[in-house]
Amino acid sequence: MSGLNPSQRLAVEYTDGPLLVLAGAGSGKTRVITEKIAHLIASGRNEARHIAAITFTNKAAREMRERVARRVKGDKAEGLTISTFHSLGLRFLQVEHARAGLRRGFSIFDADDQLGVVKDLAPPGAKKDVVEGLRGLISKAKNLGLSPDQAAEAARSAREREAAALYARYQSRLQTFNAVDFDDLIRIPLELLETDAELAPAWRERLRYLLVDECQDTNGAQYRLLKQLAGPRGALTCVGDDDQSIYAWRGANPENLDTLATDYPALKVVKLEQNYRCSARILRCANTLIANNPHAHPKKLWSQHGDGEAVRVWACKDNAHEAERVAAEISYLHVAKEIPWNEFAILFRGNHQSRPLEKALQLLRVPYHLSGGTAFLERAEVKDALSWLRVLANPDDDAAFLRAIASPKREVGATTLEKLALLAQQSHQPLSKAADNISLLKQLTPRAANGLAEFSQVLHRLRENATRMAPADLVRDLVERSGLLAALRAQCKDNATFLRRKENLDELAQWFDSPRHGNRADAHASRGTGGIADLAAQLALLTHADRGEPGDQVRLMSLHGAKGLEFRVVFIVGCEDGTLPHEQAVAEGSLEEERRLFYVGITRAKERLVLSHGAQVARWGETQNLLPSRFFAELPAGDLQRDGADPELEQVQKKERGRAALKDLAAFFDG
DNA sequence: GGTGAGCTTCTTTAC
DNA sequence: GAAGCTCACC
């Protein structure tokens, strides 16, 4: 445990009670967590299998797993839990599925599946945004940890009562599908722990020490889950930084950091204020920027590092120009300064911004890795294949059935499916069973009945194979036999696109090959001889896995995805007003969160930071003129080096800004 | 009754 | 620039 500063050492060694570590960016927070895990094991206080470290993103979990593996050698780390909140909840449900009224092989519904269910329950003809809004209300209730009954009790207005009633119907629909949604992965374990007196002690016995990363990002349900697991003893270490709270939009409640002190009066608080990551100039940028936000826990982040390079600000013509400059700079630095590819990161506000960057990087043959959140699992061909797998594992999963039967297209359309749904409802069967029922099929047109029967047949054959095959082989088999591959080939205009999309399916199969995702504790489920149960377990984990390990590649990701990571060289592209801060966020009044997001991005950089903005930004086909981000005005001018700024361009921008200010002023007097 | 062409609309962010 | 939706055609 060498090389820890006094505060870090205190945070690592303090195991007498609940501890909150207020850790500034780059203050060695992950280090503290990994050291603490090592300390807990080495001191003999806890075996690894009784320790759980909880993170927010899969990326962060993987990062931590790697670091722990480096720090704790051999089988000492056996059974250690390092997972996201959602994976932990999933594991809980897999163990306690019976208490939750779920059967083995239950599905996890994503936002699309949820939307389908809500749409089905909403008044007929409800507009998309209404359906979307209702889904949001249900999600909100769940994030607060409310059950349908509790939501009904809490409802004050007619609208809320209506929403609560919908929530109840939505939940019973999910139940019949033998499915849960993402929010349920937290909410249901919480509900079980709070209501079942036997359950909580058992899980507290199993997880005796908790370490929680990014505590400021917990929502109400997650926080309560944490309290349930930690119990009154409060054997937990929470690590957080209110300046890096960037998930309020999905219900995160940074005030949980303060609530901790109320819930655990014995709470000890340690502040980590020495930054070990950034050069002094980068840190000054971060500090002066974030000083524009109000602060409940003021901290003064300092660094021993020298000034280092100035922070570059690039004014670019448009997205393409920006991307080319970034790619060229990376190429140059890689050769001239021998900086390995994986020490570069390009960060952006929205995932769609990666396109021009990819193009430019490909042109210069710069190897890169795009970690676009769930982008991979959202690919149409991947979702199709997954739907087939879901129906295989869970015959009750109507949402998956509906997608699978439509891909590839067979002569079954909306009308047939509506009829089938009616018949299924009358006979209390899931769609996949109804489609398999000869007497039911007789009530449909022969053409439709044939299509359904054919689908059932393929499904049967696949299911037979599933008992003999390893899941990965089953995926490969399925892609062929389902006709998905043939349909894909027919659908693609050229061979190159076909091969690219086929590659996604290959990658999907590979995922089932290795138990690299998830916890070690789950590994036993993925070995063995294959079969439906294994498939289901892997499938559930898969929905939560991050795309394969990046090698020595430049990393492209959203600012949200970059949290917890660090790189020698960081580019933040698209620093335009409207992109960052995002105009919708500004309209919603979340400027402070946008500022924190920028702060998170800046503090990822160790040595070099480039902030670039385009004058013209491609926005669905059209180009739009945008001004540089208002956040530039909040950075210390002395630490910035504006290069490539076109004076003419700046004049235009100044004028536009003047015009905008006038407009604001006029609006003020008008309103 | 099913399909596909062409229309609109949309894009934060993630588990 | 894709994914969804409407409408006309098979």
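Because the structure is a prediction, the values reported are computed rather than measured.

A word on the side chain of Arg595. Looking at the secondary structure, you find Arg595 in helix α29 (residues 591-602). Here the side chain of Arg595 touches Glu634 through a polar contact of 2.7 Å, side chain to side chain.

Moving on, we get to the protein's contact with DNA strand B. Around DNA strand B sit 30 residues, and of these Arg349, Asn351, Arg410, Thr416 and Trp620 come closest. Looking at DNA strand B alone, sugar and phosphate atoms form 55% of those within 4 Å of the protein. Within the side chain of Glu588, one N or O atom sits 3.0 Å away from a base oxygen of DNA strand B. No other element matches the three residues that helix α18 (residues 414-426) contributes to the surface near DNA strand B. Counted by class, the surface near DNA strand B contains six nonpolar, 16 polar and eight charged residues.

With that settled, consider the environment of Arg208. Position of Arg208 relative to the elements: it lies in the loop between α10 (199-206) and β6 (209-212). For Arg208, a relative accessible area of 29% gives the class partly exposed. A sequence separation of 157 residues divides Arg208 from Ile51, and the C-alpha atoms of the two residues are 6.0 Å apart.

Mapping Asn219 onto the fold places it in the loop between β6 and α11 (220-230). Classification of Asn219 as buried rests on a relative accessible area of 5%. A polar side-chain atom of Asn219 sits 3.4 Å from a polar atom in the side chain of Asn143. Within the structure, Asn219 has its side chain in polar contact with the backbone nitrogen of Gln222 (distance 2.8 Å). Each residue touching Asn219, except ones within four places of it in the same chain, is listed here: Asn143, Arg250, Gly251, Ala252, Asn253 and Asn256.

This brings us to the packing of helix α5 (residues 111-121) against helix α6 (residues 128-143). Packed helices, taken two at a time, are described by the angle their axes make and the gap between the axes. α6 packs onto α5 with a crossing angle of 110° between their chain directions and a minimal axis gap of 9 Å. Between α5 and α6, the angle falls in the class roughly perpendicular. Where α5 abuts α6, its residues Ala111, Gln114, Leu115, Val118 and Lys119 lie against Val131, Glu132, Leu134, Arg135 and Ile138. Residue composition of the contact of α5 with α6, grouped by class: six nonpolar, one polar and three charged.

A few words now on the layout of surface pockets. Each pocket or cavity is described by its volume, and for the second largest pocket that value is around 800 Å³. Where the lining of the second largest pocket is concerned, the elements lending two or more residues are α2 (29-42) and α3 (58-71). Among the residues forming the lining of the second largest pocket, the class breakdown is five nonpolar, 11 polar and 16 charged.

By the element assignment, Leu539 lies in helix α26 (residues 532-542). Ignoring anything within four residues of it in the chain, the contact list for Leu539 reads Leu386, Leu389, Arg390, Ala393 and Phe512.

On to the sheet that holds strand β3 (residues 81-84). With parallel pairing, the six strands of this open sheet are ordered in space as β3-β2-β6-β7-β1-β8. Edge positions in the sheet fall to β3 and β8 (268-272), since each of these pairs with one other strand and no more. For this sheet the average axis-to-axis angle between neighbouring strands, irrespective of direction, equals 15°. Of the strand pairs in this sheet, strand β1 (residues 19-23) and strand β7 (residues 236-240) are connected by four bridges, and their pairing is parallel.

What follows covers the confidence of the model for chain A. Taken over all residues, the pLDDT of chain A has a mean of 84, while the share at 70 or more is 90%. Put simply, helix α25 (residues 523-526) is where chain A has its lowest mean pLDDT, 40, and strand β15 (residues 567-572) is where it has its highest, 96. Across residues 516-529 the pLDDT falls below 50, and counting only partners more than four positions away or on other chains, this stretch makes 30 contacts in the model.

According to the stated counting rule, one finds six cavities of 30 Å³ or more in the structure shown. Among the secondary structure elements, those contributing two or more residues to the lining of the second largest cavity are α2 and α3. Of all the elements, α3 adds the most residues to the lining of the second largest cavity, at three residues.

Turning to the pairing of β7, a few remarks are in order. The element β7 is largely enclosed, with a buried count of five among its five residues. Here β7 shows two buried faces, one formed by Leu236, Cys238 and Gly240 and the other by Thr237 and Val239. In this sheet, β7 lies alongside β6 in parallel orientation, the contact comprising three bridges. Within the sheet, the bridge partner assigned to Val212 lies in β7 and is Cys238. A crossover links β6 with its parallel partner β7, the connecting element being α11, and its sense is right-handed.

Turning to the packing of aromatic side chains, a few remarks are in order. As enumerated under the stated definition, the model contains eight aromatic pairs in all. A ring pair is formed by Phe92 and Trp203, whose centres lie 4.6 Å apart and whose planes are at 35°; its orientation type is tilted. Linking Phe92 in helix α4 (residues 85-95) with Trp203 in helix α10, this pair joins segments that are 111 residues apart in sequence. The burial state of Phe92 is the same as that of Trp203; both residues are buried. Through a chain of ring-to-ring contacts, three or more aromatic side chains come together here, namely Trp388, Phe401 and Phe455. Over the ring of Tyr14 we find Lys268; its NZ or CZ atom is 5.6 Å from the centre of that ring. One Lys or Arg, Arg325, reaches over the ring of Trp314 and ends 4.5 Å from the middle of that ring.

The rules we used
- Residues numbered from 1 in each chain as written.
- Chains lettered and ligands numbered in written order.
- Predicted model: local features only at pLDDT ≥ 70, side-chain atom pairs only at ≥ 80, totals over all residues.
- Heavy atoms only, no water.
- Helix = DSSP H or I, 4+ residues; strand = E, 2+ residues; numbered from the N terminus.
- Polar contact = N/O pair within 3.5 Å; in protein donor to acceptor, adjacent residues only side chain to side chain.
- Near = heavy atom within 4 Å.
- Nonpolar A, V, L, I, M, F, W, Y, C, P; charged D, E, K, R; others polar.
- Buried < 20%, exposed > 50% of the residue type's maximum accessible area, 1.4 Å probe, protein only.
- Contact = heavy atoms within 4.5 Å.
- Axes fitted to C-alpha atoms, helices over the stretch in contact; angles between N-to-C directions.
- Parallel < 35°, antiparallel > 145°, perpendicular 65-115°, else oblique.
- 1 Å grid on protein atoms, 1.4 Å probe; cavity = no way out; pocket = protein on both sides within 12 Å on 5 of 7 lines; lining within 4 Å.
- Points joined across faces, edges and corners; volume = space filled by probe spheres on them.
- Pairing = 2+ DSSP bridges.
- pLDDT = per-residue confidence, 0-100.
- Right-handed = clockwise from strand over helix to strand, strands pointing away.
- Phe/Tyr/Trp six-rings, centres within 6.5 Å; stacked < 30°, edge-to-face > 60°.
- Lys NZ or Arg CZ within 6 Å of the ring centre and 35° of its normal.

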